[in-house]
Amino acid sequence: MELSWILLFSIIHRYARGQGVYAPANAQIVHSGAACNVKEDNISERIYTIKEGDTMVLQCIVKGHPRPQVRWTKTAGSASEKFQETSIYNETLRIKAIQRVQGGRYYCKADNGVGVAAIKSIRVDVQYLDKPVLTVHQTISDVRGSYYQEKTVFLRCTVNSNPPARFIWKRGNTPIEQSKDNGVDIYEPLYTQGETKVLKLKNLRSRDFADYACQVSVRNVCEIQDKSVTFRLTNATAPPALRLSVNETLVVDPGQDVLMICEVTAGFPAPTVTWSRYPGPMPLSAQVRGASLLLRSVTATDAGFYNCTAVNNVGNPARRYVSLIVRTMSNLTFQITPDSNKDSESIQMGRDLKLSCHVDASPQDKVNYTWFKNGAPVYNSDSLILLRSDPDMAPGTSSLEIVDMKFRDLATYSCMANFPGSRVAELRVDVNISLTSVTPPILTVPAGFQVVSVREGGNAELLCVVDGKPQPPLLWSRADKDLLMPSGKPVEETRGGPLRLTNVTRDMMGPYRCQTAPYNGLNIKRREAQVQLNVQYSPILDPVFQDVRSRNYQMVALRCAVLRSYPPRLTNVRWFRNGEAVRMAPPDLKETPELRFKLDPTSNGSYEGRVSNAAGTSTCTFDVSARPYSAEFYYDTPNPIRTMKGNYSYTLQWTQKEPAATDPVIGYWVNVRESKQSVLSKQIDLKGVEPVKGVLLSYVITDLRIPVSYEVRLAPITTYSTGDYITRIIQYSEPYTYPRPSDRMCGFEDERICGFYQDTSDTFDWTRQNHLTQNPKRSPNTGPETDRSGTKEGYYMYIEASRPRAAGDKARLVSPLFNVSSERGPKGSARVPYCVSFFYHMKGKHIGTLNVMLRVKSIASVDSVVWNKAGHQGPTWNKALFNISPSGPFQIVFEGIRGPSFEGDIAIDDVSITRGKCRPGDMATSAVATGGSASLHPLPLASRLTFALCCVLLLLYR
């Protein structure tokens, strides 16, 4: 009854739409993945349940013309990266090894630009059960004395699962029920949302020292088995404790070996010790042996925090940290600070002067600075004051203050930085202090360098010149603080030379700031200047290409819009037709470039608008013609129809794209080819009826030979021209009806394998093979030695179970699409029976499953299993045959599922699909379907009445 009403609705819907353009409709989501269950909940919501790690396949089935574009989106759960990697713009959404974070609501949205988009959703519930974690605790007040003697103990069991798990506590093998034992209490802590159960042992008794098991179950949903964890409670049970062999802060020289040991001082059961590092992973040189960690020849990159953790599931884990610091020194700089109280920028006698010295080091606070004057060590005095850590400077900076400067203080001062007792080399910088050696910097931009212009893709040099003693470095940055330098850094340093930029792009255009650095020179107010970088590029035009169609003898306007250009001033605009210049009045360079002309049969062609500025020329291209747009085949054309002559006919259906844009379409050329030879070439005359946008046109092609396929080409015609051809392949295939058994079997002897093809939604492919093409290293004790007929030269199809195949991997081989004959079935049945016959070989101790599925073409092409076998079936070929009664065009799918290991090759051969029921004699001698043959039954009375009503309504509508 339901099927009849669906048929009635689809027929009325098609005719009501005029067989033309219509919005997406009848959207539905079907599944073909490893679903555990698909059900409707209390609010009529579809829920797709799947086990974590399985493959989810959702297919969005939708009707509409033009063919709708489908896009998948998701809400709830996590925005998983794995979902983003899937093909979300196809009708089929496939997610391998689905994870729990990928659960949520999935939407398929179909849109073809007509009417309202069709949207359908399904909720995906990913189910899982982790192994539980059992930890043991006691109350804080019970810490005194022996750990568990006459104390209260809590056994906490935690698990992650979906749906919520059921907990069972056992002492030994006996379940614990608190109603039968006053010494225990089982409860769920607050705020744990069913993920934790606690077993409380009150005032430990001697019998409480035993093995405890926490068993969790999700009641076998998705065939998820129960899991459990066991803990032995004794009077010696104790939490872990650790002791480090090194200080918590460990400073070493580069190249040194470092050994750190976490000694376990307490804990029963024996704790497990692990090492980790933050930030980043362990160094490649790290060697972990139990509680010891050895780092060979450490470098600066090995520095960080090393964490030692001991766990035995009793109490809290014990942790110890080691902060490893590797000594390094680099980039020793100095600063000269005139008397800041007097706001001076030069050295003056009688005023104070400060010399500062800084080195980037690790650890910064362990650096030792030594000052020298003309080679002699400097000591604190009334005129020279040493500051170990200058509070006015960056941390770790040492300063030497010269008080009330005299001529005797004019000298060469040296600052030396080192780590006392370390092998790290010392660093030294010299500063010459005299009346002529120190002068304030002067920063200028040379004339002609204030603005630098360069063409895109070229190189540029930005120049700022600094004079002064000592000459400080220059720091370059973008004037816009939100922009980074081309190198990706916020600041770049140059010493005395220009800033060089290569392969300049338009994004680099703008002002750049140069300023003096406060180090390696006078520590005074920074000098700064700006340089403008202009990047020249040719105009950016819209459109780059456009196909322009128009009726003859109408005005056509071609416009080349300038989106961006530098310099913005245009220098020239020229138009060309087929490479030759078009004569026209001088264009107004301030207006949008445009060419206007009247289209006629002589002015068709390719037009170019060439727009130039000082940087170059860009082009807009227009293909202008009065040729009609191509037709568009209707994708859901009805199936070919068999005729009495043994031939078939095909109803070609199409729509005309934008029929009003050009001269009226008066007809179509239709050309039918067989093996590139034309068998039909005819002009279809529309007899003055112009096509209407979206309305289907049709033409019946007759006398096509079964089972030959043909290439059909179609092109629209106007009074002046013919449009482009569009092409589609039509074919008719029907189950083999030849009288001799040898003719109607497919033995896979030809490389084309009788039109069978590999399913793209499976895990791997079937392989065509014979004895001569077998891999000499193939697995023994599995697979056939010959084909079904016993010849080594004969071919068959098989699945290879060796690596990299894994248990559960699937391979699907799909037959051609077979059309159902127009004849009726026996005794008035509306369906014609067909007999499916084949031979299978399933030898090996790891054989998986062979499924045969019937795939019927309809709104949703869903596979149904009609035959299957699993496990070892002996060393010979076995025959299987069964009946099917498909309701429409159908395909047969052979699905091989890999077993637990490599001795699991499955093979098939000599496939036959014939019209009519299988003969009783063959049925008795064959391995008949475990799923049974599809028996035929007359339609119920209600269904026949509905079908009659459908026909009446159809006639009334027409």
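Residue positions are counted from 1 within each chain, in the order its sequence is given. With the structure being a predicted model, the display of local features is reserved for residues of pLDDT at least 70 and the display and counting of side-chain atom pairs for 80 or more, all residues being used for whole-chain, interface and lining totals. Computation of side-chain values: all heavy atoms of the structure, hydrogens and water removed.

Q: What exactly am I supposed to notice about the packing of aromatic side chains here?
A: Note on aromatic pairs: each is described by the distance of the centres and the angle between the planes. In this scheme Phe, Tyr and Trp rings, the latter by its six-membered ring, pair at centre separations within 6.5 Å, and the angle between planes marks the pair as stacked below 30 degrees, edge-to-face above 60, and tilted otherwise. Taken as a whole and judged by the stated rule, the model has 13 aromatic pairs. Plain terms: the ring middles of Tyr796 and Trp877 are 5.9 Å apart, the flat faces sit at 65 degrees to each other, and that makes the pair edge-to-face. With Tyr796 in strand 63 (residues 796-799) and Trp877 in the loop between strand 67 (863-870) and strand 68 (878-884), the pair connects residues that are 81 residues apart, well separated along the chain. For the residue pair Tyr796 and Trp877, the accessibility class agrees, reading buried in each case. With a centroid separation of 5.3 Å and an interplanar angle of 50 degrees, the aromatic rings of Tyr834 and Phe890 are classed as tilted. Helix numbers and strand numbers start at the N terminus; a helix is a DSSP run of H or I with at least 4 residues, a strand a run of E with at least 2. Only protein chains enter the accessibility calculation, which uses a 1.4 Å probe; a residue whose area is less than 20% of its type maximum is buried, one above 50% is exposed, and one in between is partly exposed.

Q: Please explain the environment of Phe838 as it appears in this structure.
A: Tracing the chain through its elements places Phe838 in strand 65 (residues 834-842). For Phe838 and Leu881, which are 43 residues apart along the polypeptide, the C-alpha to C-alpha distance reads 6.4 Å. Every residue pair with non-hydrogen atoms within 4.5 Å of one another is taken to be in contact. Once you skip the residues sitting within four places of it in the chain, Phe838 turns out to touch Leu850, Val852, Trp867, Asn878, Lys879, Ala880, Phe882, Phe894, Ile908, Asp909, Asp910 and Val911.

Q: It is not clear to me how the sheet that holds strand 28 (residues 368-373) should be interpreted in this structure. Could you clarify?
A: Strand pairing within a sheet occurs via backbone hydrogen bonds; the two strands may be parallel or antiparallel. Strands are treated as partners if at least two bridges between them are detected by DSSP. In spatial order, the strands read 29-28-32-33; together these four strands make up an open sheet with antiparallel pairing. Only two strands of the sheet have a single partner each, and these edge strands are strand 29 (376-377) and strand 33 (427-432).

Q: Honestly, the state of the cysteines in this entry has me stumped. Any pointers?
A: Here is the idea: a disulfide is a covalent bond, and it sits between the sulfur atoms of two cysteines. Any pair of cysteine sulfurs within 2.5 Å is marked as a disulfide. The tally for this structure, following the rule as stated, stands at nine disulfides. Between Cys60 and Cys108 runs a disulfide, and the two sulfur atoms are separated by 2.2 Å. On the S-S bond that ties Cys60 to Cys108, the torsion sits near 55 degrees, and the link is right-handed. Of the two residues, Cys60 is situated in strand 4 (residues 56-65) and Cys108 in strand 7 (residues 104-111); the sequence distance between them amounts to 48 residues. Using a relative accessible area of 0% as the deciding quantity, one classes Cys60 as buried. Paired by a disulfide, Cys357 and Cys415 hold their sulfur atoms 2.1 Å apart. Across the S-S bond of Cys357 and Cys415 the torsion is about -90 degrees, and the bridge reads as left-handed. Of the two residues, Cys357 sits in strand 27 (residues 353-362) while Cys415 sits in strand 32 (residues 412-418), which places them 58 residues apart along the sequence.

Q: Help me out: how do you make sense of the pattern of salt bridges in this one?
A: Pairing between side chains of opposite charge can happen when the charged atoms of each approach one another. One side-chain nitrogen of Lys or Arg within 4 Å of one carboxyl oxygen of Asp or Glu is enough to make a salt bridge. Under the counting rule described, the total for this entry stands at 35 salt bridges. Salt-bridge contacts for Asp208 lead to Arg171; the nearest nitrogen and oxygen are separated by 3.2 Å. Remark: Arg171 occurs in strand 12 (residues 166-171) and Asp208 occurs in the loop between strand 15 (196-201) and strand 16 (211-217); sequence separation between them is 37 residues. For Arg171, a relative accessible area of 18% gives the class buried. Glu177 is the salt-bridge partner of Lys180, the closest N and O atoms lying 3.9 Å from each other.

Q: What is the right way to look at the environment of Ser837 in this model?
A: For Ser837, the position within the fold is in strand 65. The class for Ser837 is buried, based on a relative accessible area of 6%. Once residues within four sequence positions are removed from consideration, Ser837 is found in contact with Lys879, Ala880, Leu881, Asp910, Val911 and Ser912.

Q: Whenever I open this one, the nonpolar core confuses me. Can you help?
A: Across soluble globular proteins, you tend to see nonpolar side chains buried next to one another. By nonpolar core we mean a set of buried residues, namely Ala, Val, Leu, Ile, Met, Phe, Trp, Tyr and Cys, connected to one another through side-chain atoms within 4.5 Å. Of all hydrophobic cores here, the largest spans 34 residues; its most connected members are Phe838 and Phe894. Elements represented by at least two residues in this core include exactly strand 63, strand 64 (810-814), strand 65, strand 66 (849-856), strand 67, strand 68, strand 69 (890-897) and strand 70 (906-915). In terms of residue count, strand 65 provides more of this core than any other element does, five residues in total. Formed by 30 residues, the second largest nonpolar core is a distinct cluster that contains Leu355, Trp371, Met405 and Val431.

Q: Help me understand unusual backbone geometry in this model?
A: Negative phi is the rule for most residues except glycine; trans is the rule for most peptide bonds. Following Phe268, the chain continues to Pro269 via a peptide bond in cis, the omega torsion being 5 degrees. Here Pro269 lies in the loop between strand 20 (258-268) and strand 21 (272-278). Each neighbour pair has its own omega, and for Tyr278 with Pro279 the value is -5 degrees, a cis peptide bond. By the secondary structure assignment, Pro279 is in the loop between strand 21 and strand 22 (286-289). One non-glycine residue, Asn520, lies in positive phi territory at about 55 degrees. Along the chain, Asn520 turns up in the loop between strand 41 (510-516) and strand 42 (521-522). Residue class for Asn520 comes out buried when judged on its relative accessible area of 16%. One non-glycine residue, Glu658, lies in the positive phi region at around 45 degrees. If you trace the backbone, Glu658 turns up in the loop between strand 54 (647-656) and strand 55 (667-674).

Q: What is the right way to look at the sheet that holds strand 19 (residues 249-252) in this model?
A: Reading across from one edge, 19-25-24-21 is the order of the four strands in this open sheet, with mixed pairing throughout. Of all strands in the sheet, those with a lone pairing partner are strand 19 and strand 21, marking the two edges. Across this sheet, the average inter-strand angle for adjacent strands is 20 degrees, counted without regard to direction. All axes are obtained by fitting lines to C-alpha atoms, using only the stretch in contact for helices, and the reported angles, taken between N-to-C directions, cover 0 to 180 degrees.

Q: Is there a simple way to think about the side chain of Thr196 in this case?
A: Topologically, Thr196 is positioned in strand 15. A relative accessible area of 5% places Thr196 in the buried class. Counting of polar contacts relies on pairs of N or O atoms within 3.5 Å, with two restrictions inside protein: one atom must be capable of donating a hydrogen and the other of accepting it, and residues adjacent in sequence are counted only when both atoms are side-chain atoms. There is a polar contact of 3.3 Å between the side chain of Thr196 and the side chain of Thr158. Apart from residues lying up to four places away in sequence, Thr196 is in contact with Arg156, Cys157, Thr158, Phe167, Glu188 and Pro189.

Q: Please clarify how the pairing of strand 35 (residues 451-455) should be interpreted in this entry.
A: Looking along a regular strand, one sees side chains alternate from face to face of the sheet. Because side chains alternate across strand 35, one face comprises the buried residues Val452 and Val454, and the other comprises Val451, Ser453 and Arg455, none of which is buried. In the sheet, strand 35 pairs with strand 43 (residues 528-542) via five bridges, with the strands oriented parallel. By the bridge assignment for strand 43, Val452 is matched with Leu533.

Keep in mind these values describe shape, not function.
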